[in-house]
Structure formats: structure tokens, C-alpha cells
Amino acid sequence: MVKAQKKTTNLTALVLWIVMAMMMPPAIVYAQEGEQATADALIKEAENLVRSEKYEAALEKAIQAGEIKGRLLGKDHIDVAESFYLISTIHHALGDYSSAESYGKRAWGIREKALGKDHQKVAKSLLLLGRIALSTARYNDSKRYCKSALSISEVRGDGDGLEPAIDIWHTVTLMGEPDMEQAIRRRGRPPQTSAREL
């Protein structure tokens with residue numbers, strides 16, 4: 001009789017475990033969806049703060065969103081790249097070019113891996129890196145990034161959002177200078193853009 005009770009208890013425990021296991025995934029999914037919605041709301045808040053030029057507050061929101069997305073989706077997910085891109089633009093606006101470049105390169109790498117080398121978002125990452133290089137007086141790096149962005153646009157047959165790359169490129173090519181540094185010196189200053197334009 002003790003063995004029969006033990007088998008019944010074990011069977012009951014197994015059934016309860018299976019029922020609980022079946023109920024857990026939806027709860028986990030709902031929690032993750034809630035966190036994803038929170039991260040999306042943080043991104044929207046950060047973008048609005050950037051438009052208002054409240055960069056410190058925007059940076060805090062964007063970093064929080066990136067951390068949530070990284071934890072939920074994995075560090076190489078395209079949504080994480082979008083967060084990194086935003087964080088990079090904010091650091092650029094704040095004049096923290098080292099952090100801007102670090103996050104910009106991370107966004108570029110993920111976008112290129114996830115979307116392919118000829119995707120428009122890859123071109124925009126290259127344009128951002130070109131702007132960062134321009135801000136740090138690395139003119140030839142800026143030219144290289146912008147040339148790559150324009151090449152992608154040419155392959156795709158569109159130029160959506162790449163007007164600043166064209167401006168930087170023209171700074172060099174239309175003036176007939178062999179390198180970006182000489183062109184910028186002749187022009188007097190590099191083309192300026194705000195974070196809102198990125």
C-alpha cells in the first residue's frame with residue numbers, strides 16, 4: 001500500500017510539474033512583451049528629448065532601452081543596433097566622440113551582419129561614423145565612411161537621408177582637393193549637422 005501511495009504521489013507531482021511548465025511560458029512571454037513595450041517607450045522618449053535638445057536625459061533613456069533590449073533579444077539583435085545608433089547620435093551631440101564612435105561602430109557591425117552590407121541602415125551607420133570622424137578632424141576617415149555610404153546608396157538606387165554624406169563628399173571632390181583635410185582648411189570649417197539630422 002505504501003508503494004501505491006508513493007507512485008500516486010510521484011504521478012501527482014509529475015502532473016503538477018507538467019501543468020506548471022505549460023503555464024509558465026505564457027507568463028514569461030507576457031513579461032518579456034511588457035519589457036519590450038517599456039524599451040520601445042523609452043526609445044520614443046529619448047527621440048523626443050533629442051528633438052528638444054535635452055541630450056543628457058535622452059541618453060539616460062536610450063541606454064535603459066538598450067540594456068532591456070540586449071537582455072531580452074541578445075546583444076546582436078537588430079533592435080539593439082537601433083538603440084546603439086541612437087546612443088551614438090546622442091554622444092555625438094554631447095561632444096563625447098569616443099563613446100559616439102564606439103556605439104556607432106557597434107550599431108554598424110550589427111546592422112551589417114543582420115541586414116547585409118547594402119542596406120540603407122548600414123549606409124546611415126557609415127554616415128554617422130563619417131560625421132564623428134569629421135568632428136574629430138579625421139577627415140580622410142570621414143571621406144572613406146561617406147564614400148562607402150554613397151556607394152551603398154548608388155547600389156540601391158536611392159539616396160534617402162544621405163544628403164549630409166553628399167555635402168561632405170562635395171567638400172572634397174568639388175574643390176578638387178586630394179584629401180579631406182586640405183578641403184576643410186580651404187573651406188574654413190567642416191559641414192555641421194545636429195543630432196536631430198542624424
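The present account deals with the structure reproduced in this document. (Residues numbered from 1 in each chain as written. Predicted model: local features only at pLDDT ≥ 70, side-chain atom pairs only at ≥ 80, totals over all residues. Heavy atoms only, no water.)

### With respect to the packing of helix α3 (residues 78–94) against helix α5 (residues 120–135)
Item 1. With their axes 11 Å apart at the nearest point, α3 and α5 run at an angle of 20° to one another. In this view, α3 runs roughly parallel relative to α5, as classed from their interaxial angle. Here α3 and α5 pass one another in a crossing that is left-handed. Residue-level contacts link Glu82, Tyr85, Ser88, Thr89 and His92 of α3 to Lys121, Lys124, Ser125, Leu128, Arg131, Ile132 and Ser135 of α5.
Item 2. A class-by-class count of the residues in the contact of α3 with α5 yields three nonpolar, five polar and four charged. (Axes fitted to C-alpha atoms, helices over the stretch in contact; angles between N-to-C directions. Helix = DSSP H or I, 4+ residues; strand = E, 2+ residues; numbered from the N terminus. Parallel < 35°, antiparallel > 145°, perpendicular 65-115°, else oblique. Left-handed = near helix turned anticlockwise from the far one by under 90°. Contact = heavy atoms within 4.5 Å. Nonpolar A, V, L, I, M, F, W, Y, C, P; charged D, E, K, R; others polar.)

### Observations concerning the side chain of Ser88
Item 1. Of note, Ser88 is situated in helix α3.
Item 2. Exposure remark for Ser88: the relative accessible area of 0% places this residue in the buried category.
Item 3. Not counting residues up to four positions away in its chain, the partners in contact with Ser88 are Ala100, Tyr103, Gly104, Leu128 and Ile132. (Buried < 20%, exposed > 50% of the residue type's maximum accessible area, 1.4 Å probe, protein only.)

### Here's the deal with the pattern of salt bridges
Item 1. This structure, assessed with the given rule, holds ten salt bridges.
Item 2. Between Glu35 and Arg71 there is a salt bridge whose closest N-O contact spans 2.2 Å. Of this pair, Glu35 sits in helix α1 (residues 2–51) while Arg71 sits in helix α2 (residues 55–73), placing them 36 residues apart in sequence.
Item 3. For Glu35, a relative accessible area of 26% gives the class partly exposed.
Item 4. Between Lys69 and Asp40 there is a salt bridge, and its shortest N-O distance comes to 2.8 Å. (Salt bridge = Lys/Arg side-chain N within 4 Å of Asp/Glu carboxyl O.)

### Considering the packing of α2 against α3
Item 1. At a closest axis distance of 9 Å, the pairing of α2 and α3 adopts a crossing angle of 160°. Put simply, α2 runs roughly antiparallel to α3. Of the two possible hands of crossing, α2 and α3 adopt the one that is left-handed. Every residue of α3 that contacts α2 at Tyr55, Glu56, Ala58, Leu59, Ala62, Ile63, Ala65, Gly66, Lys69, Gly70 and Leu73 is listed here: Asp79, Val80, Ser83, Leu86, Ile87, Ile90, His91, Ala93 and Leu94.
Item 2. Class assignment of the residues belonging to the contact of α2 with α3 gives a composition of 13 nonpolar, four polar and three charged.

Keep in mind these numbers describe shape, not what the thing actually does.
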